[in-house]
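Topology and contacts: notes
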Amino acid sequence: MDNRALIRAFRLTASLMELHDENPFKTRAYEGTAAVLERLESPVADMDRTGLPDRTGLSKTAAAKVAELLDTGTFPEMQKLLDSTPPGVVEMLGIKGIGPKKIRALWRELGLESIEQLREAAENDEVSKLKGFGKKTQDMILAALEFNQENRGKLLYPQAETLAEELAKHLRDALKTDQVAVAGEVRRRLEVVETVLLVAATAQPWQAHALLSTLDGLTPEPARSGPFAWRGTATASGVKLAVHIVRKEDFVNQLFLLTGTEAHLSEPLGGPVGSLRQLAQRERFYQEQAIYQTAGLQYVEPELREGQGEIALAKEQKLPALIEESDLRGSLHNHSTYSDGAHTLRQMAEFLRAKGYEYLGICDHSQAAHYANGLSPERVRQQQREIDQLNQELAPFRIFKGIESDILSDGGLDYAPTVLETFDFIVASVHSNLRMDERKATERLLRAIANPYTTMLGHPTGRLLLRREGYPINHKAVIDACAKHNVIIEINSNPWRLDLDWRWVRYALDQGVRLSLNPDAHHTDGYADMRYGVMMGRKGGLTKGMTFNALSADEMAAYFAERKAGIKPAEEFKATLFS
């Protein structure tokens with residue numbers, strides 16, 4: 001059980017306690033345990049159980065519960081709460097937008113004990129009549145349930161990748177071959193995966209069937225399977241699984257055919273080639289590069305094979321050299337313990353420096369983000385003084401002074417100009433009032449983009465994949481405004497966000513808008529998420545030259561200085577606040 005699983009267990013316990021109207025001090029204690037676990041850098045499972053209090057900072061009582069959870073998968077208080085709560089009510093706790101108190105009312109007053117019963121009650125207008133609910137809350141519940149239904153049986157890319165690689169390893173070991181590969185949506189790096197698809201080469205297909213039909217966590221579907229294709233689902237998530245079993249000499253052709261979309265494979269190429277599909281069905285190849293070369297095309301990387309215009313570019317040999325993770329020189333948009341991060345400024349900076357990066361852009365939350373311990377102007381001053389000290393000590397590594405400034409409902413930024421001008425750069429993001437219609441939401445962003453202090457637009461739609469739809473915006477208008485005002489757009493690399501959506505990357509590049517691959521890291525573990533931002537950038541055709549954080553520390557410092565020099569200073573200078 002990793003740290004994240006421990007955190008989820010203690011948060012679930014806190015929610016269950018609130019659901020059952022238990023002592024609020026005990027509820028906060030479980031929330032506090034989760035918060036302590038969030039700040040840890042080392043896996044708790046690897047620590048000696050008797051040394052947990054000293055190693056983690058947990059109280060002896062909390063450490064004992066953690067130890068029991070690690071050893072048994074539960075602890076008495078959590079198990080008692082689970083045993084006294086219908087499983088459907090526990091599932092209801094996962095509905096976005098309604099907390100344990102409202103779930104308690106739905107359970108106790110309406111007798112609802114499942115998602116299905118809740119949906120029926122809301123559709124029959126029974127929920128709106130409960131005290132504290134109303135029509136607006138009922139509509140929100142129905143929308144959340146519809147969203148959950150539409151996303152059932154889907155996985156975020158990291159989860160799908162892990163599942164696919166585990167299956168591939170099992171198949172390689174069982175079939176004693178290296179000719180096993182991940183194909184389909186996972187190989188194309190889609191942010192949300194509906195089918196995990198693999199190709200395995202063997203002369204004994206029954207061995208693959210025997211393995212897959214007996215692996216824990218998989219549910220076979222014999223009616224959908226055949227001698228050369230095993231199909232089923234992952235029991236826990238419901239995501240579809242398919243393993244195509246081929247002859248060794250057909251491995252490359254089938255991997256190719258099972259990777260690209262229909263649009264990519266079937267686009268007419270003219271002449272005797274026909275299409276890539278026809279070519280791969282007609283001739284045998286031992287390298288994918290040879291397929292494209294025979295078709296007279298530039299090689300198309302797997303993540304680009306979406307049928308989004310890549311064939312036309314490949315015909316003209318104009319596909320770009322895509323961004324690589326090794327091209328990134330620093331990390332922008334990160335959070336420390338000054339707001340809601342798990343690690344101090346020093347810890348974040350030293351971790352990045354040890355990984356070979358040149359700089360850290362710190363962007364703690366601004367003052368309107370009370371829920372995230374947003375920084376008052378006085379705490380901004382305190383942080384910036386610490387940054388100055390650390391920059392002297394850690395040089396040539398550099399910490400840039402940033403802030404994630406809330407975009408207020410009217411499109412304003414969340415500080416007076418006298419504070420805004422003290423930062424090297426500003427990431428402007430929406431965190432509140434997420435239910436505006438497209439016109440209002442777009443106008444709000446356009447006003448923020450036009451603000452001369454805005455350096456970068458953060459997670460443009462605010463989406464949380466499989467959890468929450470983003471607010472609707474006119475992407476073209478927003479990107480055009482960023483081009484006009486020289487504002488960078490981030491691809492928020494957190495796998496729950498991946499926002500800007502990769503489908504808009506090419507349009508942004510065509511308008512001359514640079515993109516920044518930002519982890520939005522709240523923990524040193526979060527820096528690894530930049531990998532997913534790289535994947536999304538590559539899907540959209542992002543190059544090193546158009547990637548903002550591929551700049552060196554000196555280039556970044558020069559960019560920030562030049563941009564700030566073009567902003568008219570505020571009438572009240574920072575000395576009044578930062579003396």
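Residues numbered from 1 in each chain as written. Predicted model: local features only at pLDDT ≥ 70, side-chain atom pairs only at ≥ 80, totals over all residues. Heavy atoms only, no water.

1. Things to note about the overall build of the chain
Worth spelling out the cut-off: The numbering of helices and of strands both runs from the N terminus, where a helix is a DSSP run of H or I of at least 4 residues and a strand a run of E of at least 2. Atoms counted for the radius of gyration: C-alpha only. Globule rule: 2.2 Å times the number of residues to the power 0.38. The cut-offs for exposure are 20% and 50% of the maximum accessible area for each residue type, with area from a 1.4 Å probe on protein chains only; residues under the lower value are buried, those over the upper are exposed, and the others partly exposed. Each accessible area is a Shrake-Rupley result for a 1.4 Å probe, and residues are judged covered by the shown protein chains and nothing else.
Regarding its fold elements, the chain presents 26 helices and 14 strands. In summary, the chain has a C-alpha radius of gyration of 26 Å against a globular reference of 25 Å for 579 residues, a match within 12%. Once the C-alpha set of the chain is aligned to its principal axes, its extents read approximately 75 × 60 × 55 Å. Burial analysis of the chain (579 residues in total) assigns 54% to the buried set. Element-wise, carbon and sulfur atoms account for 49% of the exposed surface of the chain, whose accessible area totals about 26300 Å².

2. So, the sheet that holds strand S7 (residues 240-246)
Here is the rule: Note: two strands are recorded as paired if DSSP finds a minimum of 2 bridges between them. As a rule, the C-alpha atoms of each element are fitted with a line to give its axis, helices using only the stretch in contact, and angles between N-to-C directions run from 0 to 180 degrees. Note on definitions: a residue-residue contact is assigned when non-hydrogen atoms from the two residues lie within 4.5 Å.
Read across the sheet, five strands follow the order S2-S4-S7-S6-S5 without closing on themselves; strand pairing throughout is mixed. Each end of this open sheet is capped by a strand with a single partner; those strands are strand S2 (180-183) and strand S5 (218-220). Strand-to-strand twist of the sheet, defined as the mean angle between neighbouring strand axes without regard to direction, takes the value 30°. Taken together, the three bridges between S5 and strand S6 (residues 229-234) define a ladder with antiparallel strand orientation. In the sheet register, Leu218 faces S6, and the bridge partner there is Ala234. Contacts from helix H10 (residues 157-175) reach S2, strand S4 (195-201), S5, S6 and S7 within the one sheet, and its direction differs from that of S4 by about 20°. Sitting on the sheet, helix H12 (residues 205-212) touches S5, S6 and S7, and the angle it makes with S7 is about 160°.

3. Considering the nonpolar core
General note: in soluble globular proteins, nonpolar side chains tend to be found buried as a group. Note the threshold: Nine residue types can take part in a nonpolar core, namely buried Ala, Val, Leu, Ile, Met, Phe, Trp, Tyr and Cys, and a core is a set of them joined through side-chain atoms within 4.5 Å.
In this structure, Leu171, Val196, Leu198, Leu241, Leu360, Ile399 and Leu515 are the most contacted members of the largest nonpolar core, which totals 93 residues. By residue number, the principal contributor to this core is H10, which donates eight residues. Discounting residues that sit within four places of it in the chain, Leu198 has contacts with Ala164, Leu167, Ala168, Leu171, Val180, Ala181, Val182, Ala183, Ala242, Val243 and His244. Grouped together as the second largest cluster of nonpolar side chains are 47 residues, Leu19, Ala63, Leu69 and Val127 included.

4. Examining the sheet that holds strand S10 (residues 398-406)
Spatially, seven strands are ordered S8-S9-S10-S11-S12-S13-S14 in an open sheet, and the strand pairing comes out parallel. One side of each edge strand has no neighbouring strand; the edge strands of this open sheet are strand S8 (330-334) and strand S14 (515-518). Here S10 runs beside strand S11 (residues 425-429); their pairing, made up of five bridges, is parallel. Looking at S11, one finds that Ser405 is bridged to Ala428. Across the sheet, helix H19 (residues 377-394) is in contact with strand S9 (359-365) and S10; its angle to S10 comes to roughly 160°.

5. A few points about the pattern of salt bridges
It is possible for side chains bearing opposite charge to pair when their charged atoms get close. For clarity, the cut-off: One side-chain nitrogen of Lys or Arg within 4 Å of one carboxyl oxygen of Asp or Glu is enough to make a salt bridge.
In this structure the tally under the stated criterion is 30 salt bridges. Across the pair Lys135 and Asp139 runs a salt bridge, and its minimum N-O distance is 3.1 Å. Taken together, the residues span about one helical turn, with Lys135 and Asp139 both in helix H9 (residues 134-150) at a distance of four residues. Overall, Asp139 belongs to the partly exposed group, its relative accessible area being 37%. Of the charged contacts, one joins Glu161 and Arg189 as a salt bridge, the two residues approaching to 3.9 Å between their closest N and O atoms.

6. Things to note about the packing of aromatic side chains
Definition in use: Between the rings of Phe, Tyr and Trp (Trp by its six-membered ring), a pair exists once the centres lie within 6.5 Å; its type follows the angle of the planes, with under 30 degrees stacked, over 60 edge-to-face, and the other angles tilted. By the criterion adopted, a ring carries a charge over it if an Arg CZ or a Lys NZ lies within 6 Å of its centre and within 35 degrees of its normal.
Across all of its chains, the model carries 15 aromatic pairs by this definition. Arranged with centres 5.3 Å apart and planes meeting at 20°, the rings of Phe10 and Phe75 form a pair that is stacked. One end of the pair, Phe10, is in helix H1 (residues 3-19); the other, Phe75, is in the loop between helix H4 (60-72) and helix H5 (76-83), and 65 residues separate them in sequence. Of the residues examined, Phe10 reaches a relative accessible area of 0% and is grouped as buried. Given the relative accessible area of 1%, Phe75 is considered buried. A ring pair is formed by Phe400 and Phe560, whose centres lie 5.3 Å apart and whose planes are at 80°; its orientation type is edge-to-face. Of this pair, Phe400 sits in strand S10 while Phe560 sits in helix H25 (residues 553-565), and the two are 160 residues apart along the sequence. Taken individually, Phe400 and Phe560 each receive the classification buried, so the pair is uniform in this respect. Looking at Arg108, its charged tip hangs above the ring of Trp107, at a distance of 3.8 Å from the centre.

7. Points about the confidence of the model for the chain
Rules: Values of pLDDT, ranging from 0 to 100, describe the predictor's confidence in every residue of the model.
Counting all residues, the mean pLDDT for the chain is 93, and 98% of those residues have values of 70 or more. A low-confidence stretch, residues 571-579 (pLDDT under 50), is modelled with 20 contacts involving residues beyond four sequence positions or located in other chains.

8. Quick word on the packing of H10 against helix H24 (residues 530-539)
Helices that pack against each other are described as a pair by the angle of their axes relative to one another and the distance between those axes. Rule in force here: Note on angle classes: values under 35 degrees are labelled roughly parallel, values over 145 roughly antiparallel, values of 65 to 115 roughly perpendicular, and the remainder oblique. Following the grouping adopted for this structure description, the nonpolar residues are Ala, Val, Leu, Ile, Met, Phe, Trp, Tyr, Cys and Pro, the charged ones are Asp, Glu, Lys and Arg, and the polar ones are all others, Gly among them.
Contact geometry of H10 with H24 gives a least axis separation of 12 Å together with a crossing angle of 95°. In terms of orientation, H10 lies roughly perpendicular with respect to H24. Here H10 contributes Tyr157, Pro158 and Glu161 to the contact with H24, which in turn contributes Arg531, Tyr532 and Met535. Among the residues making up the contact of H10 with H24, the classes are represented as four nonpolar, no polar and two charged.

9. Here we look at the pairing of S2
In S2, alternate side chains face the same way, and those of Val180 and Val182 on one face and Ala181 and Ala183 on the other are all buried. Pairing geometry for S2 and S4, over four bridges, is antiparallel. Of the residues in S4, the one forming a bridge with Ala181 is Val199.

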